[in-house]
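Single-letter residue listing:
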Amino acid sequence: MKSSKCFKDYSENLLMLFEEPQKTYFAHLSHDKKEKETLFEHSKLVSDYCLMLVDAHGVEVVIDSVIEELNQNIPVKNHEEFRNLFKESFLAAIIYHDLGKVNPNFQILKMENELFIQEKNLSIQSYHSFLGSYLYANVFLKRIFENEKFSSEEKLLLYFIVLLFSSAIVKHHNSTIDLSFEFDEQQVDDCFSFFKTYSFQFDKSFGQNFFLSAKKILEGFNKLAGDKPEIYFNLFATTKLLYSLLTASDFYATNEFMTKIKVNEFGILSSKEKESLVERFKTVKPYNKDLYSSLEHYQSFPFERLNERNNKNLNILRQKLTAEMILNLRKHSENRCFYLEAPTGSGKTNLSLAFATELMNVDSSLNKVFYVFPFTTLITQTFKSIKETLEIDNNTIIQLHSKAGFHEKADGAYGNEKRLFLDNLFVNYPIALMSHVRFFDILKGNEKESNYLLHRLCNSVVVIDEIQTYNPEHWDKIVYFLANYTQLLNIRILIMSATLPKIDALHENLKGTFISLISNREQYFTNLNFAGRVSFDFTLANKNRPNNDEKENYLSELSDFMIDKAEQFTVSNEEKVKVLMEFITKKTAALFFRIINKDRRFEDYKILLLSGDILEFRRKQIINSIKEQEYSKVIVVSTQVVEAGVDIDMDLGFKDRSLIDSDEQLAGRINRNASKDNCVVYLFDCDKTSIVYGSDFRYKVQQTDKDIFDDYKEILVKKQFHALYEKVFEEKSRNMKNIFHAANSYYQYFKDFNFSKLHAEFKLIEDNDSQQLFIPISIPVSFFENRTDLERMDVLTDYGENVDGSKVFDFYEHLIRCEIDDFVLKKIEMKKLGSIMSQFCISVYKKQLDSIADMLDPERSKYGFKFLLNWKLCYSPEYGFDSGKIDTSIFI
């Protein structure tokens, strides 16, 4: 039920409060201090931007549904009164966030306002955020207190909501948000004197009582809400949404005063743009045009006629899979959460675009698309693929990761880097591709910059790929956040993978929340056109794992086996073969690489090393050389960096076995297009899996569960990954019962509204002691996107063919040290430079740094990077670190 009043109805009345002060109060000074913005002008601008964001992203409907949900869980007699007060207090927290700037110390010290005299004894000094929070809260606490239509329980609920919203004001200039229930009594006392500024009539004890008994209000609220988790989650998410709108509106408004740049476009798809995108998806690619003209034909095409392995049948299978997904989606378009389990080679990017365009066609409120990936390589590949399929440019789509640099629009329409900075900061693009870490930080994080984007998720489509790469430790949290946010913010979410854990099974009350869009998974996965791409050979896996003394001999024998199989393959493949050899550790990969490089039998082979020690440009060189088929015989020696996201198509694979789904990911790099015969993955057992995966719950189940241990081969060959996941779920579910009642449970933090703990104790990538090592080599200029920036920064070599790493670092040091008055321009320059610097960096652990300590430059290692001064003595782009020059025994 929609409220009879909307946010616009409240804004004018709320702004009338700023007419009360008798003196002129300022909110901002221009950079040159020649222009001043009044508190009313700033608050009006904040209100305007907030209303524009609310309208663009459909936030009002979200807030209305939150209120309705609250009313269902905590019955309120006067619904209309409750709705109006909730919505008005929500908007007021944004418009009133700077009420505290009436602090005379702020006016004289920050605004140079000579109408005021400094009050040195004031405990809040020149700060304004707590004072603003106190004044805002008391306005609404008094109205609730005096409203006889509310029962005592209803008042308690509203008291708590107002204190919750006021926490966003307290922290709006902090880098993080958190809810505090402990206040300094002197500060609370000092704030009372400012009531008269706004002509408030309050007893002194009134405001004090509420703030100093905040803990009791929380305790009372907890009793009222009981053990209904949806109440806690909805208010947690609503507070984050408020903080998102507050900080975004404040930033836009302040920016307009400082730069005179007005923003009125927020990167959403209009109805016409959606129609155009949908139409282009259906017509640009011939296979999509064919699909939509024969949807039912492909959906009903019998599997029995597709058993023979050939390219024609493979393409029909892809069409059939997409058709089934589309038709199932149309049946369940009202649902919010979906699974798509699709075999390698089925065209997941195209499937995901079909998903997004279908939903935008059905639900007119959906106006943005987010793609979420665990690997940068997947982001860049999908970015290119979407642009090509939809015929769109940089005005419509953005990729967000450290290597992407500063995103510039295709037509240069704005001609203003500061405007582009805003579009980058707030991701004002209809289609955005980002990392899984960044996405989940938006959902659960308490950091200001990640929270800027939460309001953009309202009414969006989200596609999450390769979810099996996430630590199972957090699967229950992942599904909990996703399932709840989709309902709250009207998000449609698709989780897709070739090895898909159906994680909604972890929560009893969430089971069945996700709809599987492929109803006959087995018939696709076992069809020879997908399953016959690769066969598995376990001959080597039966051989005993070597100890350290036996390792070199073991690897020599492995090389014998490998060349034998490679040469056999060339006989039926025009003397050509591409071999991928994957190890668990960098150390073993490097040792094997050295062994075969010294072996004359491999003289006809191009041997390449791909590991975490290899710089990005070199990885691209390797991948491009394989794609372009530069070598008739090639061996790539790698670590698990190759498992997902690396777009190469090899003939034979050799893998040190680890997690079952990790082994399957390696198989996904072999015969990707299913166009060859006799492609095999050979599994062996060289290093302990526990070195890398010891803390992974899947590994523990794999090792300790007899059924999984015994059926390892069958699970892998028949793609029965659900057998492993069910065991993982079974074990985790034992700890999930009555989890909201558990004193030390993660979910208890929702009850406490402990924003910092909710963020800190759910990390997809755990903190480690790794640091960025900068290697100042020269890299060909062709691996960088914007030559103009490189020339301006003066980082090219004499003939302009390479980018000089030492010059890049010189420019970085200069930028760090120099004083640039314009904060935004410095941020833009840092963003551009960050993309360039990433090409020269690898991640290394402390022990690794210790082994090369005498080759580092301590003076140049002060600014966030370790600088490898004497890199030629220990490192090469082709081979990584040289074990003959340094101790690489600790390089796992």
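Our structure's up above, just so we're on the same page.
This text gives an overview of the structure that appears in the document. It should be emphasised that the depicted structure is a prediction, and the values quoted were computed from it without experimental measurement. Every residue gets a number counted from 1 within its own chain, in the order that chain's sequence is written. Residues qualify for local features only when their pLDDT is at least 70, as the model is predicted, and side-chain atom pairs are given and counted only at 80 or more; totals for whole chains, interfaces and linings, by contrast, use all residues. Calculation of side-chain values draws on the structure's entire complement of heavy atoms; hydrogens and water are dropped beforehand.

## Concerning the nonpolar core
In globular proteins that are soluble, nonpolar side chains generally tend to be buried together. The condition is simple: We define the nonpolar core as a collection of buried residues of types Ala, Val, Leu, Ile, Met, Phe, Trp, Tyr and Cys that are connected through side-chain atoms lying within 4.5 Å of one another. Note on exposure labels: buried denotes an accessible area under 20% of the residue type's maximum, exposed denotes more than 50%, and partly exposed covers the range between, all computed with a 1.4 Å probe on protein chains only. Comment: elements are numbered from the N terminus, with helices defined as DSSP H or I runs of at least four residues and strands as E runs of at least two. Contact criterion: two residues are considered in contact whenever any of their non-hydrogen atoms come within 4.5 Å of each other.
Tyr136 and Phe753 are the most contacted members of the largest nonpolar core, which totals 223 residues. If one sorts the elements of this core by residue count, helix 11 (residues 229-259) sits on top with 14 residues. Excluding residues that lie within four positions of it along the chain, phenylalanine 753 makes contacts with Phe160, Leu164, Asp178, Leu179, Leu218, Phe221, Tyr232, Leu235 and Phe236. Residues Tyr298, Ala323, Met325 and Ile386 belong to the second largest nonpolar core, which totals 52 residues.

## Topic: the sheet that holds strand 7 (residues 461-465)
The criterion, for reference: Pairing between two strands is assigned when DSSP locates at least 2 bridges connecting them. Only the contacting stretch of a helix is used when fitting its axis, a line to C-alpha atoms as for every element, and angles between N-to-C directions run 0 to 180 degrees.
Pairing within the open sheet is parallel, and its seven strands lie in the order 5-6-4-7-8-3-9. Edge positions in the sheet fall to strand 5 (397-400) and strand 9 (514-516), since each has one partner strand and no second. Adjacent strand axes in the sheet meet at a mean angle of 20 degrees when their direction is disregarded. Pairing of strand 4 (residues 369-373) with strand 6 (residues 431-435) involves five bridges; the strand directions are parallel. Residue pairing for strand 6: valine 372 is matched across the bridge by methionine 434. Of the strands in this sheet, strand 3 (337-341), strand 4, strand 7 and strand 8 (492-497) touch helix 16 (residues 348-362), which is tilted by about 165 degrees from strand 8.

## Points about the sheet that holds strand 16 (residues 771-774)
Spatially, three strands are ordered 19-16-20 in an open sheet, and the strand pairing comes out mixed. The sheet terminates laterally at strand 19 (841-844) and strand 20 (866-867), the two strands that pair on one side only.

## Some words on the packing of aromatic side chains
Think of a pair of aromatic rings as described by two things: how far the centres are apart, and how the planes are tilted against each other in angle. For clarity, the threshold we go by: Pairing of aromatic side chains here covers Phe, Tyr and the six-membered ring of Trp, requires ring centres within 6.5 Å, and sorts the geometry by plane angle: under 30 degrees stacked, over 60 edge-to-face, intermediate tilted. Here, a charge over a ring is recorded when the distance from Lys NZ or Arg CZ to the ring centre is within 6 Å and its angle to the ring normal is within 35 degrees.
By the definition in use, this model includes 74 aromatic pairs. Taking the centre distance of 6.0 Å and the plane angle of 70 degrees together, the rings of tryptophan 475 and phenylalanine 729 count as edge-to-face. Of this pair, tryptophan 475 sits in helix 21 (residues 475-489) while phenylalanine 729 is found in helix 32 (residues 721-733), placing the two residues 254 residues apart along the sequence. Residue tryptophan 475 shares its accessibility class with phenylalanine 729, and that shared class is buried. It is lysine 87 that lies over the ring of phenylalanine 7; its NZ or CZ is 5.2 Å from the centre.

## A closer look at the side chain of lysine 578
Test applied: Positive charges come from Lys and Arg alone, negative charges from Asp and Glu alone, with His and the N- and C-terminal ends not counted. Definition used for salt bridges: Asp or Glu carboxyl oxygen within 4 Å of a side-chain nitrogen of Lys or Arg. By the criterion applied in these results, polar contacts are pairs of N or O atoms within 3.5 Å in which, for protein atoms, one can donate a hydrogen and the other can accept it, and in which residues neighboring in sequence qualify only through two side-chain atoms.
Tracing the chain through its elements places lysine 578 in strand 11 (residues 577-582). Aspartate 651 is the oppositely charged side chain nearest to the buried, salt-bridge-free lysine 578, at an N-O distance of 4.8 Å. A distance of 2.8 Å separates the side chain of lysine 578 from the backbone oxygen of aspartate 649, its partner in a polar contact. Those residues within four positions of lysine 578 in sequence are excluded, and the remaining contacts are Ile626, Val634, Asp649, Met650, Asp651, Leu652 and Lys676.

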